[in-house]
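Reading the structure
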Amino acid sequence: MSGNSEIATSGRLDGLKWGLVAVLVAVGVYGNYYFSAESLLFRVVGLLVIAAVAGFVALQTVKGGAFWTLLKDAKTEIRKVVWPTRQETVQTTLVVVAVVLVMGLILWGLDSLLGWMISSLI
């Protein structure tokens, strides 16, 4: 039961947190414009700091937490994938190239035949 009250409390403050994220992004954009005469390095570092703070605030929301969980689950699933060997990749690529070449020749021949037939009728 306490889990539901924590989600409700956190969900209530989510609007404020997202508003803070929007303000941080707006400050970053305006600051980049305002300090356009300054060195690009300083502006990029400033934008990265603001982006990190905005990301941290966004992760504190319910949707941000769900997104973080999704990323962790995706990483787990990627580890379960059986990746093809180099030989399998090369063989599959060669099969695809061969099929594309054969289909290209078939379509070229069909186009030439139909073009010849139409030009004969005209």
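Please refer to the structure placed before this passage.
This is a predicted model, so every value here is computed, not measured.

1. What to know about the side chain of Arg43
Note that Arg43 resides in helix 2 (residues 40-59). Notably, Arg43 is buried but unbridged: the nearest opposite-charge side chain belongs to Glu38, and the N-O separation is 8.6 Å.

2. Regarding the nonpolar core
Residues Val21, Leu24, Ala54, Val57 and Ala58 constitute the largest nonpolar core, which totals five residues. Where this core is concerned, the elements lending two or more residues are helix 1 (2-34) and helix 2. Per-element accounting of this core gives the leading share, three residues, to helix 2.

3. Comments concerning the packing of aromatic side chains
On inspection of all chains with the given rule, the structure shows two aromatic pairs. For the pair Tyr30 and Tyr34, a centre-to-centre distance of 5.8 Å together with 25° between the ring planes defines the contact as stacked. In this pair, Tyr30 and Tyr34 both sit in helix 1, four residues apart, roughly one turn of the helix. Look at Tyr30 and you get exposed, because its relative accessible area is 52%. Residue classification places Tyr34 among the exposed positions, given a relative accessible area of 55%. Geometrically, the ring pair formed by Tyr34 and Phe35 is edge-to-face, given 5.0 Å between the ring centres and 85° between the ring planes. According to the relative accessible area criterion, Phe35 is partly exposed, its value standing at 43%. Feature note: the residues Tyr30, Tyr34 and Phe35 constitute an aromatic cluster, connected by ring pairs.

4. Let's talk about the pattern of salt bridges
Counted according to the given criterion, the structure contains one salt bridge. The partner of Lys80 in a salt bridge is Glu77, and the shortest N-O contact between them spans 3.3 Å. Note that Lys80 and Glu77 are positioned in helix 3 (residues 62-80) at a spacing of three residues, about one turn of the helix.

The rules behind the values
Residues numbered from 1 in each chain as written. Predicted model: local features only at pLDDT ≥ 70, side-chain atom pairs only at ≥ 80, totals over all residues. Heavy atoms only, no water. Helix = DSSP H or I, 4+ residues; strand = E, 2+ residues; numbered from the N terminus. Buried < 20%, exposed > 50% of the residue type's maximum accessible area, 1.4 Å probe, protein only. Lys, Arg positive; Asp, Glu negative; His and termini not counted. Salt bridge = Lys/Arg side-chain N within 4 Å of Asp/Glu carboxyl O. Core = buried A, V, L, I, M, F, W, Y, C linked by side-chain atoms within 4.5 Å. Phe/Tyr/Trp six-rings, centres within 6.5 Å; stacked < 30°, edge-to-face > 60°.

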